[in-house]
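# Survey of secondary and tertiary structure
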Amino acid sequence: MKHVIRSALISSSFKMRGFRPEDAIVLSCDPRSGSTWLSELLVSTTPSAVIWEPFHLDKVPRAREVGLSWRQYIPVDADWPEAERFIRDVLTGQVINEWTGWANPVREFISAQQLIVKCCRANAFLPWMVRKIQFRRPPIHFLRHPFAIAASQLRMGNFGTEKMLETLNSDRYSRELSESTNYIKGLENDEERIVAMWCRTQKPCLDDPDYDANYVRMHYETLSLDPATEVARLFGSWGEAVPGIAKEQVQKASRMTQGESLSHSPERQVRKWQEVFTDKQVQRMSRIISDFGITIYDEHPMPHAQKK
């Protein structure tokens, strides 16, 4: 009951203040990508509230009721009014429960001047969303090397691919993804399936012909190695000056990685997945990236410039 009352109070406060979907900051990422670190940096610059993972089917009943899948793909020209209404409610703070509202105490929700929507399950429908909602600040498309994502998810032990295989055909638009579905089902190892799913969910954004206008791409690797430059680039892309506190916050580990990310040099953290996978595994995973036609990552730890 306490959580229900808390959620209702927060939602009512947001509604009274008239938050608009276009004003939300969207941080679109992957599980274990280092995105919590970036969300905490953004919170430190302006009084903000984080809407936490609103597309998690087990934690947000309405996401399931609307019919979203775990890695939902939506074609850019799709007409899905129920999903659009749900997403607009997410962006205005009207989808608050114990899960989506855990990242801030009530006082911070009440005093928030902006909403930050951190979501690990929106990449495949981001091109559709930016065409439905004219964001004042282009959403952040936050990427980390898929081999690092695979290594981290496997180490955590709660990102098995069994559910992934069960839900590949449950997507509303699964017919348009049948080729990649069959490809993923034909893979033998968890790390290969995680990399292939990363490719499947990132490809709609990476192939967007209006990418530079629609998103701000950031990489965990470059943010780790040169945080001052990357933070300046982010705020510059929004036409804003860099808040001084951002330069301090970027040196701190997130609450999700405390005691882990800063235990090694940034260079080693970026290359850490190389200590996990054998050369043969790397070769197989590299082939998967190539098969999907993605050029931004390969067997090297740093990202490449996207080929147009």
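Here's a quick rundown of the structure. All residue numbers refer to positions counted from 1 along the written sequence of the respective chain. At least 70 in pLDDT is required for a residue's local features to be given in this predicted model, at least 80 for side-chain atom pairs to be given and counted, and no such filter applies to totals for whole chains, interfaces and linings, which use all residues. Note that water and hydrogens are dropped before the side-chain values are worked out from all heavy atoms of the structure.

Core analysis: the largest hydrophobic core is formed by 71 residues, its most contacted members being Phe14, Phe55, Phe86, Ile87, Trp128 and Met129. If we ignore the near neighbours within four places in the chain, the residues touching phenylalanine 55 are Ala63, Leu68, Phe86, Ile87, Val90, Cys119, Arg121, Ala122 and Phe125. The criterion is simple. A nonpolar core is a set of buried Ala, Val, Leu, Ile, Met, Phe, Trp, Tyr and Cys residues joined through side-chain atoms within 4.5 Å. The buried label goes to any residue with under 20% of its type's maximum accessible area, the exposed label to any with over 50%, and the partly exposed label to all in between, with areas taken from a 1.4 Å probe on protein chains only. Ranked by size, the runner-up nonpolar core spans 24 residues in total, among them Leu42, Ile140, Tyr220 and Trp238. Should any heavy atoms of two residues lie within 4.5 Å, those residues are counted as being in contact.

Attention now goes to the packing of helix H2 (residues 35-45) against helix H13 (residues 227-237). Axis geometry follows a simple rule: fit a line to the C-alpha atoms, using only the stretch in contact for helices, then measure angles between N-to-C directions, giving values from 0 to 180 degrees. Strands are runs of DSSP state E lasting at least 2 residues, helices are runs of H or I lasting at least 4, and numbering of each runs from the N terminus. Between H2 and H13, the shortest axis-to-axis distance is 13 Å and the interhelical angle comes to 60°. For the element pair H2 and H13, the recorded crossing hand is right-handed. In contact with Leu41, Leu42 and Thr45 of H2, H13 contributes Val231, Leu234 and Phe235. Classifying every residue of the contact of H2 with H13 by side-chain character gives five nonpolar, one polar and no charged. Crossings are sorted by hand: turned counterclockwise from the far helix by less than a right angle, the near helix makes the crossing left-handed, and turned clockwise it makes it right-handed. Polar here means any residue other than Ala, Val, Leu, Ile, Met, Phe, Trp, Tyr, Cys and Pro, which are nonpolar, and Asp, Glu, Lys and Arg, which are charged; Gly is therefore polar.

Taken together, the buried positions of helix H9 (residues 178-185) are Ser180, Thr181 and Ile184. Here the buried residues of H9 occupy an arc of 105° about the axis, which is enough to place them on one side. Exposed positions of H9 whose direction lies more than 90 degrees from the buried face are Glu179 and Asn182. By construction, the arc corresponds to the directions joining the helix axis to the C-beta atoms.

Any Lys or Arg side-chain nitrogen found within 4 Å of a carboxyl oxygen on Asp or Glu counts as a salt bridge. Tallying each qualifying case throughout the model produces 17 salt bridges. A salt bridge links arginine 121 to glutamate 53; the shortest N-O distance between them is 3.6 Å. Taken together, the residues arginine 121 in the loop between strand S3 (114-119) and helix H6 (126-132) and glutamate 53 in the loop between strand S2 (48-52) and helix H3 (61-66) connect sequence positions 68 residues apart. Both residues of the pair, arginine 121 and glutamate 53, belong to the buried class. Among the salt bridges present, the one from aspartate 207 reaches lysine 203, with a minimum N-O distance of 3.0 Å. Members of the salt-bridge network, linked through shared partners, are Arg20, Glu22, Asp23, Glu84, Arg88 and Arg136.

This part covers the pairing of S2. Regular strands show a simple pattern: their side chains alternate between the two faces of the sheet. With five of five residues buried, S2 lies mostly within the body of the structure. Here S2 shows a buried face lined by Ser48, Val50 and Trp52 and a second buried face lined by Ala49 and Ile51.

With that settled, the discussion passes to the side chain of threonine 45. Its place among the elements puts threonine 45 in helix H2. When its relative accessible area of 18% is taken as the criterion, threonine 45 is described as buried. Within the structure, the side chain of threonine 45 is placed 2.7 Å from the backbone oxygen of leucine 42, a separation counted as a polar contact. Here threonine 45 is in contact with Phe235, Pro243, Ile245 and Ala246, once residues within four sequence places are set aside. Here a polar contact is taken to be a pair of N or O atoms separated by no more than 3.5 Å, where protein atoms must pair a possible hydrogen donor with a possible acceptor and residues adjacent in sequence count only if both atoms sit in side chains.

Next up on the list: a nonpolar patch on the surface. Distance thresholds for patches are 9 Å for like charges and 5 Å for nonpolar side chains (Val, Leu, Ile, Met, Phe, Trp, Tyr), applied to residues having over 30% relative accessible area and no salt bridge. In these tables, accessible area is a Shrake-Rupley quantity obtained with a 1.4 Å probe, and a residue counts as shielded only by the protein chains included in the view. Taken together, Met1, Val4 and Ile5 make up a surface patch of nonpolar side chains, about 370 Å² in accessible area. With respect to the secondary-structure elements, isoleucine 5 resides in helix H1 (residues 2-17).

A separate point is the packing of aromatic side chains. For Phe, Tyr and Trp, rings pair up if their centres lie within 6.5 Å, where Trp contributes its six-membered ring, and each pair is then called stacked (planes under 30 degrees apart), edge-to-face (over 60) or tilted (otherwise). Within this structure, the stated rule accounts for 11 aromatic pairs. Ring geometry for tryptophan 198 against tyrosine 297: centres 5.9 Å apart, planes inclined by 70°, an arrangement best described as edge-to-face. With tryptophan 198 in helix H10 (residues 190-206) and tyrosine 297 in the segment after helix H16 (279-291), this pair connects stretches of sequence that are 99 residues apart. For tryptophan 198, a relative accessible area of 3% corresponds to the buried category. One aromatic cluster is present, formed by Phe14, Phe19 and Phe109 through successive ring pairs. For a ring to carry a charge above it, either NZ of a lysine or CZ of an arginine must fall within 6 Å of the ring centroid while also lying within 35 degrees of the normal to the ring plane. Across the ring face of tyrosine 220, the terminal group of arginine 144 is positioned such that the distance to the ring centre comes to 3.8 Å. The side chain of arginine 172 reaches across the aromatic face of tryptophan 80, ending 4.2 Å from its centre.

The next subject is the pairing of strand S4 (residues 140-143). Residue alternation in S4 divides its side chains into two sets, Ile140 and Phe142 and His141 and Leu143, and both sets are buried. Summarising the sheet, strand S1 (residues 25-28) and S4 pair through two bridges and their orientation is parallel. Along S4, the bridge assignment pairs serine 28 with histidine 141. Pairing of S4 with strand S5 (residues 216-219) involves four bridges; the strand directions are parallel. Residue isoleucine 140 lies in a different strand from S5, and its bridge partner there is valine 216. Here, any two strands with at least 2 DSSP bridges between them count as paired.

To continue, consider the sheet that holds S4. Spatially, S2-S3-S1-S4-S5 is the arrangement adopted by the five strands of the open sheet, whose pairing is parallel. Strand pairing shows two members of the sheet lacking a second neighbour, S2 and S5, which therefore form its edges. Each strand axis lies, on average, 20° off the axis of its neighbour in the sheet, ignoring direction. Where H13 meets the sheet, it contacts S4 and S5, and its direction lies at approximately 170° from that of S5.

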